[in-house]
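In case you want the letters, here they are:
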Amino acid sequence: MTYDLFYWPGIQGRGEFVRLVLEDAGAEYVDVARQPGGMKQLQAALAEGLGGVVPFAPPFLRAGDVVISQTVAICSFVGERHGLAPSDPGGRAAAIAVALTIADLVSEAHDTHHPIRVDQAYETQKAAALERAKGFRELRIPKFTAYLERNLERNGAVLVGSEISYVDLAAFQVVEGLTYAFPRAMQAIHPKIPKLLALRDRVAARPRLAAYLASDRRLPFNEKGIFRRYPELDG
Ligand SMILES: N[C@@H](CCC(=O)N[C@@H](CS)C(=O)NCC(=O)O)C(=O)O
């Protein structure tokens, strides 16, 4: 089965959480909008629907007859098919809960540069962004990362279950994104999150992911995506 991933070209964004699962699974996939003519296909799917579903926003994934949207739903779907999710109901439920909490963190990271209007440029809402980012750095990053650290202390080397899952890949990505966007704030909390940092390193060293991260399929972080480096927002 070849998957079709529909996501904006040029940014990691939420699509990256899906790419990491597909890459670690060794699954074949087409990153549709990065192919010639692919943006038209993405726009058509948003306008007219795909496989009987009209997705609200990218990312969405076509897996044969199945079309699935919402990042966590996609990651859990692919993870369960490729041994990157717990197999028992309790483990699956725990995985979804932690993955959704990471998704909340991703949304809050986005809101630091778009605290008022998502449809207008960062530069039009800089004053509010400075305030929002201060609270994010001082309270929210520490709270979310402490939550992940506590789960690792409780569960062991991985966030849920006994094997690496899509949740660990999401934790890797969010730590990488926060480190790109808020290097000073992240450096300051390093002593408090040793297990999370060790997990980040272990995920990055997984052979398929290491190859992916070194390839040109892995787009660099930039100031169009969710995790943006605006030094003034890093305090
Ligand atoms: N909760 C959704 C959010 C999807 C989302 O916000 N996608 C962004 C790109 S990362 C988008 O294109 N949004 C367009 C919009 O909200 O109008 C998910 O996790 O997939």
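As the structure is a computational prediction, the values presented were derived from the model and not from experiment.

**Q** Give me unusual backbone geometry: which residues, what numbers.
**A** Cis rather than trans, the peptide bond between Pro58 and Pro59 has omega equal to 5 degrees. Following the sequence through the fold, Pro59 ends up in the loop between α2 (38-48) and β3 (60-63).

**Q** Break down helix α6 (residues 166-181) for me, citing the residues and quoting the values.
**A** Over its 16 residues, α6 runs 22 Å from end to end, which matches the ideal 22 Å to within 8%, given 1.5 Å per residue. Within α6, 14 of the 16 residues are buried, leaving the element largely enclosed by the surrounding structure.

**Q** Describe in detail helix α1 (residues 15-25), supporting the description with residues and values.
**A** Counting buried positions along α1 yields 11 of 11 residues, so the element is predominantly enclosed. For α1, the set of buried residues is Gly15, Glu16, Phe17, Val18, Arg19, Leu20, Val21, Leu22, Glu23, Asp24 and Ala25. The first or second residue beyond α1 is Gly26, which carries a positive phi of 70 degrees.

**Q** If you had to explain the site of the ligand to someone new, which residues and values would you point to?
**A** Near the ligand you find Tyr7, Trp8, Arg14, Phe56, Ala57, Pro58, Pro59, Gln70 and Thr71, and these make up its full shell. Trp8 places a side-chain nitrogen or oxygen 2.8 Å from an oxygen atom of the ligand. Measuring from a nitrogen atom of the ligand, one finds a side-chain N or O atom of Gln70 at 2.7 Å. Burial of the ligand by the surrounding chains reaches 64%, relative to a free accessible area of 500 Å².

**Q** Give me the lowdown on the pattern of salt bridges, citing residues and values where you can.
**A** Scanning all chains against the criterion turns up 15 salt bridges. Across the salt bridge formed by Asp31 and Arg19, the nearest N and O atoms sit 2.7 Å from each other. Remark: Arg19 occurs in helix α1 and Asp31 occurs in strand β2 (residues 28-31); sequence separation between them is 12 residues. For the pair formed by Asp31 and Arg19, the shared burial category is buried. It is possible to trace a salt-bridge network through shared partners that takes in Glu16, Arg19, Asp31, Arg34 and Arg218.

**Q** Describe the packing of aromatic side chains, listing the residues and the values that go with them.
**A** All told, the structure shown has 5 aromatic pairs when counted by the stated rule. Aromatic pair Tyr122 and Tyr230: ring centres 4.0 Å apart, planes at 10 degrees, arrangement stacked. One end of the pair, Tyr122, is in the loop between α4 (89-113) and α5 (126-155); the other, Tyr230, is in the segment after α9 (207-213), and 108 residues separate them in sequence. On the basis of relative accessibility, which here comes to 2%, the residue Tyr122 falls in the buried class. Ring centres 6.1 Å apart and planes at 90 degrees place the aromatic pair Phe221 and Phe227 in the edge-to-face group. Classification of Phe227 by relative accessible area gives buried; the value is 4%.

Quick notes on the rules
- Residues numbered from 1 in each chain as written.
- Predicted model: local features only at pLDDT ≥ 70, side-chain atom pairs only at ≥ 80, totals over all residues.
- Heavy atoms only, no water.
- Helix = DSSP H or I, 4+ residues; strand = E, 2+ residues; numbered from the N terminus.
- Expected span 1.5 Å × (residues − 1).
- Buried < 20%, exposed > 50% of the residue type's maximum accessible area, 1.4 Å probe, protein only.
- Near = heavy atom within 4 Å.
- Polar contact = N/O pair within 3.5 Å; in protein donor to acceptor, adjacent residues only side chain to side chain.
- Areas by Shrake-Rupley, 256 points an atom, 1.4 Å probe, with all protein chains shown as cover.
- Salt bridge = Lys/Arg side-chain N within 4 Å of Asp/Glu carboxyl O.
- Phe/Tyr/Trp six-rings, centres within 6.5 Å; stacked < 30°, edge-to-face > 60°.

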